[in-house]
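Okay, here's what each chain looks like letter by letter:
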Amino acid sequence: MGKDKKKTDAVFLRKKITLLRAFSLLIGSMVGSGIFISPKGVLENSGSVGFSLIVWFACGVLSMFGALCYAELGTRITKSGGHYIYILETLGPLPSFLFLWAEFFAIRPANSAVVSLAFGRYLLEPFFAPCPAPVPAVKLVSLLGYYMVLTLNSWSVTWSARLQTALSVVKLLALALIIGPGMMLLAQGHTEHFQDAFDRQALVLDKLPLAFYAGMFAYSGWFQTSFVREELIRPERNIPLAVIVSVVMVIVGYMLTNVSYYTVLGMQDVLASPAVAVSYVQRAFKSLISVVPVLVALSCFGTMNGGIFTFSRTLFVASREGQWPPLFSMIHIRRHTPLPAVMLMLFPMALHRTGHPRAHCPSPPSPGAAEPLQGSLVHSCLFYHHLPLHSGNVFLLRPCEHQHWVHHGFKWFSSLLPLNPQANVKSFP
């Protein structure tokens, strides 16, 4: 009776990610702001329409290779955490710890700022057209959207997954609304913008890496299932299947979307447009001019949801492995969400704004550049000075039942040196 009660009271992340939800997580993470803002960067640095399409296809192939590698790792390494856990299991504690801090303090805030600002800008576009939306309003809406996603991920895993599924449908609908008119015009013989598509004189080899960078940004997200591996149902089957289907679908969708852009706008119009998707709709389908920006905003909203959903699991696993404060390996006893890990993604902005109220950007951003959210970074001393590290300060939280070899007290820093003989234990079969 005691064992049954202990098993019933055990707190862990439930397996709630089905094949459909895994597919939605990948689609929702890949199809975000990239396809609506990256075509300009790819075209500008590739030099011509034809070479830009080659770059888009090559980025898709590279993403497929990476996704297949991660699918194999996801079937062999049974832990969640994505990049972090794979570095920890293969290269050791120090590289994984450095990656974790770079991801938390630089990579993730920057990525979240780009996507959330795109969400706010596109959502407000119909209300202020033809004038640009005010920058303070864009920032306010961006922050509200980000905090809404944080709240939902703290509340329920099921509803976060359902939202991701619904928004994935919206993303595919947005792509379909762009692809449809373009393919119709192309079938009618509007190929004038594809004349001299492969202009070698415009190709500058030293700019190609920048073109690939913009293209790979649009494809980023193919690794998201590895972050939630422990919550996947039948991961040995569902991870490879979801990865292959989703990446192939995104490659086809991105190629057709770019062909539609060039069919309607042409090279010079794409380069001159601050928002390619909006310019495209203004030219091809004016009746949907107020609909497509909202669809793009919802697409960015889904990308924010997927990013928070997955990266919170990285913080949760890092805490469980002893390289992050133990507080963040705790789970809400009723909702079974990694509540402290999710809410930690809110604190860097808030703590930096509180600790440095007069901090400002040393130089204004260049015209047309995405403005960063102020306070997206925080110094480690401020971070640990304000965080309640004692688990008793958290209401309705309980430690996860899976503990690691260095998870006795606050000893995460000691895990940098593999002094424990069990430090090199792997989860390979």
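Residues numbered from 1 in each chain as written. Predicted model: local features only at pLDDT ≥ 70, side-chain atom pairs only at ≥ 80, totals over all residues. Heavy atoms only, no water.

## Examining the environment of Phe-99
Move 1: Among the secondary structure elements, Phe-99 is positioned in helix H6 (residues 93-128).
Move 2: Sequence separation of Phe-99 and Tyr-84 is 15 residues, and the distance between their C-alpha atoms is 6.9 Å.
Move 3: Contact partners of Phe-99, with chain neighbours within four places excluded, come to His-83, Tyr-84 and Ile-87. (Helix = DSSP H or I, 4+ residues; strand = E, 2+ residues; numbered from the N terminus. Contact = heavy atoms within 4.5 Å.)

## Re empty space enclosed by the protein
Move 1: All told, the structure shown has two cavities of 30 Å³ or more when counted by the stated rule.
Move 2: Size it by volume and the second largest cavity reaches roughly 70 Å³.
Move 3: Taken together, Ile-17, Arg-21, Leu-25, Ser-160, Ala-161, Gln-164, Asn-305, Gly-306 and Phe-309 make up the full set of residues lining the second largest cavity.
Move 4: For the lining of the second largest cavity, the secondary-structure elements that each account for two or more residues are helix H2 (19-30), helix H8 (157-187) and helix H13 (292-320).
Move 5: Partitioning the lining of the second largest cavity into residue classes produces four nonpolar, four polar and one charged. (1 Å grid on protein atoms, 1.4 Å probe; cavity = no way out; pocket = protein on both sides within 12 Å on 5 of 7 lines; lining within 4 Å. Points joined across faces, edges and corners; volume = space filled by probe spheres on them. Nonpolar A, V, L, I, M, F, W, Y, C, P; charged D, E, K, R; others polar.)

## Some thoughts on the packing of aromatic side chains
Move 1: By the definition in use, this model includes 16 aromatic pairs.
Move 2: Consider the rings of Tyr-70 and Trp-222, whose centres lie 5.5 Å apart with planes at 90°: the pair is edge-to-face. Residue Tyr-70 is found in helix H4 (residues 49-76), and its partner Trp-222 is found in the loop between helix H9 (208-219) and helix H10 (235-264); the two are separated by 152 residues along the sequence. For the residue pair Tyr-70 and Trp-222, the accessibility class agrees, reading buried in each case.
Move 3: Look at Phe-104 and Phe-105: their rings are 4.9 Å apart centre to centre, the planes differ by 85°, and that puts the pair in the edge-to-face class.
Move 4: Overall, Phe-105 belongs to the buried group, its relative accessible area being 13%.
Move 5: Here the basic side chain of Arg-162 rests over the ring of Trp-159, its NZ or CZ set 4.8 Å away from the ring centre.
Move 6: Here the basic side chain of Arg-335 rests over the ring of Trp-155, its NZ or CZ set 3.4 Å away from the ring centre. (Phe/Tyr/Trp six-rings, centres within 6.5 Å; stacked < 30°, edge-to-face > 60°. Buried < 20%, exposed > 50% of the residue type's maximum accessible area, 1.4 Å probe, protein only. Lys NZ or Arg CZ within 6 Å of the ring centre and 35° of its normal.)

## Observations concerning the nonpolar core
Move 1: Core analysis: the largest hydrophobic core is formed by 106 residues, its most contacted members being Phe-36, Leu-315 and Trp-324.
Move 2: Considering each element in turn, this core owes the most residues, 14 residues, to H13.
Move 3: Excluding residues that lie within four positions of it along the chain, Leu-315 makes contacts with Leu-100, Phe-104, Trp-324, Phe-328, Ala-341, Leu-344 and Met-345. (Core = buried A, V, L, I, M, F, W, Y, C linked by side-chain atoms within 4.5 Å.)

## Notes on H9
Move 1: With 12 residues, H9 should cover 16 Å at 1.5 Å per step; its first-to-last C-alpha distance of 17 Å lies within 8% of that length.
Move 2: Within the span of H9, buried status applies to Ala-211, Ala-214, Gly-215, Ala-218 and Tyr-219. Along the axis of H9, the buried positions cluster into a sector of 140°, meaning they face one direction only. Opposite the buried face of H9, at more than 90 degrees from it, the exposed residues are Pro-209 and Tyr-213.
Move 3: Just past H9, the residue Gly-221 takes up positive phi, approximately 125°. (Expected span 1.5 Å × (residues − 1). Arc of directions from axis to C-beta.)

## A word on the pattern of salt bridges
Move 1: Counting across every chain of the model gives seven salt bridges.
Move 2: Lys-79 serves as the salt-bridge partner of Glu-89, at 3.1 Å between the closest nitrogen and oxygen. Here Glu-89 is found in helix H5 (residues 83-91), whereas its partner Lys-79 is found in the loop between H4 and H5, with 10 residues between them in sequence. In this structure, Glu-89 and Lys-79 share a single accessibility class: buried.
Move 3: A single salt-bridge network, built from bridges that share partners, covers Lys-79, Glu-89 and Glu-321. (Salt bridge = Lys/Arg side-chain N within 4 Å of Asp/Glu carboxyl O.)

## A few points about the confidence of the model for the protein
Move 1: Of the residues in the protein, 78% have a pLDDT of 70 or more, and the chain-wide mean is 77.
Move 2: Between residues 350-356, whose pLDDT stays under 50, and residues either more than four places distant or in other chains, the model counts 12 contacts.
Move 3: Throughout residues 359-429 the model reports pLDDT below 50, and contacts reaching past four residues in sequence, or to other chains, amount to 129 contacts. (pLDDT = per-residue confidence, 0-100.)

## Here we look at the packing of H8 against H10
Move 1: Closest axis-to-axis distance for the H8/H10 pair is 8 Å, and the angle between their directions is 50°. With respect to H10, the element H8 is oriented oblique. The two elements H8 and H10 cross, and the hand of that crossing is left-handed. From H8, Leu-172, Leu-175, Ile-178, Ile-179, Gly-182, Met-183, Leu-185 and Leu-186 reach across to H10, where they touch Met-249, Gly-253, Leu-256, Thr-257, Val-259, Ser-260, Tyr-261, Thr-263 and Val-264.
Move 2: Within the contact of H8 with H10, the residues separate by chemical class into 12 nonpolar, five polar and no charged. (Axes fitted to C-alpha atoms, helices over the stretch in contact; angles between N-to-C directions. Parallel < 35°, antiparallel > 145°, perpendicular 65-115°, else oblique. Left-handed = near helix turned anticlockwise from the far one by under 90°.)

## With respect to a nonpolar patch on the surface
Move 1: Together, Leu-62, Phe-65, Leu-68, Ile-244, Val-248, Val-252 and Leu-256 make up an exposed nonpolar region whose accessible area comes to about 580 Å².
Move 2: Secondary structure elements with two or more residues in the nonpolar patch: H4 and H10.
Move 3: Broken down by element, the nonpolar patch gets its largest block of residues, four residues, from H10.
Move 4: Inspection of the secondary structure puts Val-248 in helix H10.
Move 5: Classification of Val-248 by relative accessible area gives partly exposed; the value is 42%. (Patch = residues over 30% accessible without salt bridge, like charges linked within 9 Å, V, L, I, M, F, W, Y side chains within 5 Å. Areas by Shrake-Rupley, 256 points an atom, 1.4 Å probe, with all protein chains shown as cover.)

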